[in-house]
Each structure stands twice: as structure tokens, then as C-alpha cells.
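Close look at the chain arrangement
Below are the chains, spelled out letter by letter.
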Amino acid sequence: MASNFAAPRGTQDILPPASAQWSALEARIRALAEQFGYAEIRTPIFESTALFARGVGEATDIVEKEMYTFVDRGGREITLRPEFTAPVVRAVLEGNLLAAGPLRLFYLGPIFRYERPQKGRYRQAHQFGVECFGFEGPEADLEVIALAWSLVRAYGIDDARIVLNSIGDAACRPRYRAALLEHFRPHAATLSEESQRRLERNPLRVLDSKDPRDAALVASAPALESTLCDGCRAHFDAVRGYLDLLGIPYVVDPSMVRGLDYYERTVFEITSGILGAQSSVCGGGRYDGLVASLGGPPTPAVGFALGIERFLLMVAACAPPAPPARSGYQAIALGAQARSRLVPIVARLRDAYGRAAFMDYGDRRVKAQFKIADRNGARYALILGTDELERGELVRRDLVDRTEQRLPLAGDVAAAIVEAER
Ligand code: ATP
Ligand code: MG
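In this report, we go over the structure that sits alongside the text. (Residues numbered from 1 in each chain as written. Chains lettered and ligands numbered in written order. Predicted model: local features only at pLDDT ≥ 70, side-chain atom pairs only at ≥ 80, totals over all residues. Heavy atoms only, no water.)

Here we come to helix H1 (residues 18-35). Taking 1.5 Å of rise per residue, the 18 residues of H1 would be expected to cover 26 Å, and the 26 Å separating its terminal C-alpha atoms lies within 8% of that figure. For H1, the complete set of buried residues consists of Trp22, Leu25, Ile29, Leu32 and Ala33. Across the axial projection of H1, the buried residues extend over an arc of 95 degrees, all falling on one side. Turned more than 90 degrees from where H1 packs its buried face, Glu34 and Gln35 sit exposed. Residues of H1 that are buried sit in contact with strand S5 (103-112), strand S6 (124-133), helix H5 (138-154) and helix H12 (308-318). Just downstream of H1 lies Gly37, where phi reads positive at about 85 degrees. (Helix = DSSP H or I, 4+ residues; strand = E, 2+ residues; numbered from the N terminus. Expected span 1.5 Å × (residues − 1). Buried < 20%, exposed > 50% of the residue type's maximum accessible area, 1.4 Å probe, protein only. Arc of directions from axis to C-beta. Contact = heavy atoms within 4.5 Å.)

Moving on to the site of ligand 1. Around ligand 1 sit 16 residues in total, of which Arg113, Glu115, Arg121, Tyr122 and Arg258 are the nearest. Between ligand 1 and the protein, one listed contact pairs an oxygen atom with a side-chain N or O atom of Gln127 at 3.0 Å. Here an oxygen atom of ligand 1 sits 3.4 Å away from a polar atom, N or O, in the main chain of Cys282. Burial of ligand 1 by the protein amounts to 90% of the accessible area it has alone, namely 590 Å². (Near = heavy atom within 4 Å. Polar contact = N/O pair within 3.5 Å; in protein donor to acceptor, adjacent residues only side chain to side chain. Areas by Shrake-Rupley, 256 points an atom, 1.4 Å probe, with all protein chains shown as cover.)

So, on to the pattern of salt bridges. Summed over all chains, the structure comprises 33 salt bridges. The residue Asp61 makes a salt bridge to Arg198 at a minimum N-O spacing of 2.5 Å. Of this pair, Asp61 sits in helix H3 (residues 61-66) while Arg198 sits in helix H7 (residues 193-201), placing them 137 residues apart in sequence. A relative accessible area of 23% places Asp61 in the partly exposed class. Taking the relative accessible area as the measure of exposure, Arg198 reaches 4% and is therefore buried. Between Arg379 and Asp401 there is a salt bridge whose closest N-O contact spans 3.6 Å. With a gap of 22 residues between them, Arg379 in the loop between helix H14 (366-376) and strand S14 (380-384) and Asp401 in the loop between strand S15 (393-398) and strand S16 (404-408) connect regions that are remote in the sequence. Residues participating in the shared-partner salt-bridge network are Asp61, Glu64, Lys65, Glu194, Arg197, Arg198, Arg201, Arg205 and Asp208. (Salt bridge = Lys/Arg side-chain N within 4 Å of Asp/Glu carboxyl O.)

If you want it as C-alpha cells, here you go:
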């Protein structure tokens, strides 16, 4: 029954039963965000291209080669959002939300990146993320890391780990930049073309290179930690102290710089061996300069983005999802007369008693209808055939306990059905 059309390359349909896992995760995310005091923000799926060029940074993978950009009918340069942080900051400024002081927001939705599709890497993917605006102290860094970690823990993902680093700030990063330039420049000709291009624009991005030609020089590059200024060092120490205090495990990786230009001081990732080459499920950090660079008041901020697809891959590898508990009613009518008798009972089970109730309107045999009940995850079957109609009875079968009961087909039948649950 294949159609003449296929989903666009790098996109996926989320079909049942996987879609139920998605909504369960989304519900958990919402509950967790609420527990930490984060309110939801929803922004448009497309924005003006300039927002990402400025907000994400010109010398990033995203802006250099991954954006879905087009000119609309009005001649505007438009891009499907490749990430949420720049749009969230744009919306926060446009809605003047910072006027009321610190602000905690979370988001959940699709992102678009023109990437080479592979396991855990798609052209349409989904992210959950948070942004915490208005606190410059290390408590906010701790808060967002703890929030991401809570989700990982809630799903019992054992091999996940937090990788942490500090990439300095406007005061000390220039020193590090200079040290990197001094390290790479004499050997620039041996670097990959991409790294050569990046060297002068943003030498930190060379550290992020995955090209084997760059590996040796990257490994011998000076460590950023040695050039951190006192303020950045104190901040980094305090974040680590808090993580220790809360018993949140992490490793420090001095070469982790993250792909986006706007980070300062703390950067972190959550990685898992299960994901292979796409090892990172969550990335975040502090971006104290971004709000001002997009035209707002100077505002410290910290956040993260977590990939839903990769997270679910991790969950599936660690703990295969338990089959959901069975609930609700499968109404099985045999014949037209039984069907018309059952329809209002099903409606009443839903409307008056809030029960899940399913019914197949075809003329299938009982056996086929029980299969449908299994597929629907129904706990009970309500069976009405010609014999039952004649006797004025309805059979209620518990599909888990395999017990059966006959209920009179008179009065408020739905009430009697619900009563029998006890
Ligand atoms: P990578 O190094 O794997 O390209 P990234 O640094 O580009 O990741 P971020 O921009 O930090 O990723 O995005 C945060 C998270 O969003 C990632 O850790 C990942 O889980 C998810 N993500 C990013 N791009 C994709 C994609 N193309 N397909 C699926 N998930 C993605
Ligand atoms: Mg990427």
C-alpha cells in the first residue's frame, strides 16, 4: 500500500505505538519544567535569517551550512529555526518580558537543519530546552544542569554522563584566542580546509573539529583552563562545588567548546555511548552576552537544548518501554441490532464516566474483535450478540483476569458496567 510519495529525506513520521512514548516523555518534561518553575514559550517555526546569523553566529556549523533558508513571496529572507535560543531571546525582548525581573522559560518543538541523515541526526528533529534569564551566579548554572539531569535520571539512563567545561568570557577569551592562534598558525597548512577557514574567524571552533587531519594539533592545543581570569575561575569552581554538593556526577573536558558562538563561561553536554558518533543528547551553557547582542539590556542567561530523538534512542537502549497498563473498554457488537444498542452505552461510558471506550463498527468475528481490543490496550470487553440480546444481558469480560460477568441490559447500563469495576 505504499503511496507515490515518501517523507522528505531526514524526516520521520512518528507513528503509534512510538507516538505514545513521545507524548509520555513530553508530559514528563512539562511536569519537570513546572517543578523547577519554568513556563512554556512557543515561538514561530520560521524567523528572519538575520536573527540566526546574529544570534547563533556566522562561524558556526548551523549558520555556515545547515540552515533551511528561503526567500518568501514578499522577498524576505526566512529560515526554519535550527535552534530555539535566538528566537526565544527575540520573543522575550519583543514581549518585554525582562521588565519583570528574572525569567525562566522552557520550549518543546521541532528544529530544522540541513544535515546528512543518519541514526540520531535528522533534518527535522525535536528539542526540549530551557532558558534562565537574569542570574549571573553559579546557582543558575547548577539549576539548569540539575533539571536536565533529573530527566536522564527519571528514565534510569545509566551510561549517560555530564561533560563540563568553562570557555571563559570577554575578559579572558581574547588571551586564549591568542594562545590558540599562536599554537595553530605555524601548522595552518596541515589543517583541514574548514579549520583553516575558521582559524582566523574563531580559532575556538578549530577545537571542535572532527576531521582526523586536525586531531593531533587539537590534542596538543593549550588548555583553556590555564588562561581563565579570576572571575571565570571562581564561577567555574562554584558550579563544580554545587554539583558535588548535590551529588550530580560530571567530568571536566578542557577541549569541549560547543558549536555555538554565544556561550561564555560554563558549557556542558550530556553524552551517552549508546548514541555512537552522535554521542551528545543535550548541550548547553551560559550566554551572558546574547541578549545584549540582539538589542536587549545586558542580561545574564544560561540554558540547554536536549534532542528528543536521541533521548528516546537512549531510553530504548537502556530500558525497553514497559507495555502500558491496560485500561478502557472494547465494545464488541455482533450484528446490526447489537451495534445500535451498544453505541449509546459506549458514548455514556465516555461522557458520563470518563472511561476510554472503543468500538469497531465492522462485521468482524468475535476473535478478530478481541485482537482489536489487544491493539487498543483495552482492559475489558463488552460483548453483545444475538443470544445476549434475547436474554437481555451484556457480557463483561476482564481481559486481564479472564473473569466474566453478565449484566442486565436495562436501566443505566453504563453505570452498572462502571460499578462492576470494584
Ligand atoms: P552535534 O555535535 O551532534 O551536531 P550539536 O552541537 O549540533 O550536536 P546542539 O546544537 O547543541 O547540537 O543541539 C542540542 C541537541 O539537539 C543535541 O545534543 C542533539 O541531541 C539534538 N540535535 C541537534 N541536531 C540534531 C539533528 N540534526 N538531529 C537530531 N538531533 C539533533
Ligand atoms: Mg550539529
